[in-house]
Amino acid sequence: MAAAASLSASQGLLGTSFYGGWGSSISGEDYHTMLAKTAAPRQQAKLSRKPIRVQPMMKNVNEGKGLFAPLVVVTRNIVGKKRFNQLRGKAIALHSQVITEFCKSIGADAKQRQGLIRLAKKNGERLGFLA
């Protein structure tokens, strides 16, 4: 008797027979049309949200790292950022010229020279010269 009551309750709530389900009451074309109508508002809702962007901080990631970082930071504060960057650019250019001349003297090609310049930059970062 309890099984009959639950069966009749499920028939009343769903509006279909217990064995039929949703698939028997909706044809294939109607089913795809219904899916398209229900999926479209969800996609629009996702697309209408504006992403929240965090402004990038313009801080040197190497500041405070390395053996010479404190000296570099103090020098930059004394001399000023503009003048300090000019001096740093000249020093980097001179060092690149020294590496180039060294590569010419030993017969290294351009690829090896570029690798040495990249290695010098990595070493400068580790030691704190780029702080």
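Everything numeric in this text was worked out from a predicted model, so none of it was measured. (Residues numbered from 1 in each chain as written. Predicted model: local features only at pLDDT ≥ 70, side-chain atom pairs only at ≥ 80, totals over all residues. Heavy atoms only, no water.)

A. Representation of the pattern of salt bridges. Using the criterion set out here, one finds one salt bridge in the structure. Glu101 is the salt-bridge partner of Lys104, the closest N and O atoms lying 3.9 Å from each other. With a gap of three residues between them, Lys104 and Glu101 both fall in helix H4 (residues 81–106), about one helical turn apart. (Salt bridge = Lys/Arg side-chain N within 4 Å of Asp/Glu carboxyl O. Helix = DSSP H or I, 4+ residues; strand = E, 2+ residues; numbered from the N terminus.)

B. Examining the side chain of Arg88 more closely. Assignment of secondary structure puts Arg88 in helix H4. In this structure the side chain of Arg88 is engaged in a polar contact, spanning 3.3 Å, whose partner is the backbone oxygen of Phe129. Contacts of Arg88, omitting those with residues within four sequence positions, involve Val72, Phe129, Leu130 and Ala131. (Polar contact = N/O pair within 3.5 Å; in protein donor to acceptor, adjacent residues only side chain to side chain. Contact = heavy atoms within 4.5 Å.)

C. Spatial organisation of the environment of Arg76. By the element assignment, Arg76 lies in helix H3 (residues 69–79). Between the C-alpha atoms of Arg76 and Ala131, which are 55 residues apart in sequence, the distance is 9.4 Å.

D. Broad picture of the confidence of the model for the protein chain. Scored by pLDDT, the protein chain comes out at a mean of 74, with 52% of its residues at no less than 70. Least confident of the elements in the protein chain is helix H1 (residues 2–14), whose mean pLDDT is 48; most confident is H4, at 94. Low pLDDT, under 50, characterises residues 5–18; the predicted model gives this stretch seven contacts beyond four residues in sequence or across chains. (pLDDT = per-residue confidence, 0-100.)

E. Quick peek at the packing of H4 against helix H5 (residues 110–127). Orientation of H4 relative to H5, taken along the N-to-C sense of each, is 145 degrees, at an axis distance of 10 Å. Crossing hand, H4 versus H5: right-handed. Along the contact surface, H4 presents His95, Ser96, Ile99, Thr100, Phe102 and Cys103, while H5 presents Arg113, Leu116, Ile117 and Ala120. Grouping the constituent residues of the contact of H4 with H5 by class yields six nonpolar, three polar and one charged. (Axes fitted to C-alpha atoms, helices over the stretch in contact; angles between N-to-C directions. Left-handed = near helix turned anticlockwise from the far one by under 90°. Nonpolar A, V, L, I, M, F, W, Y, C, P; charged D, E, K, R; others polar.)

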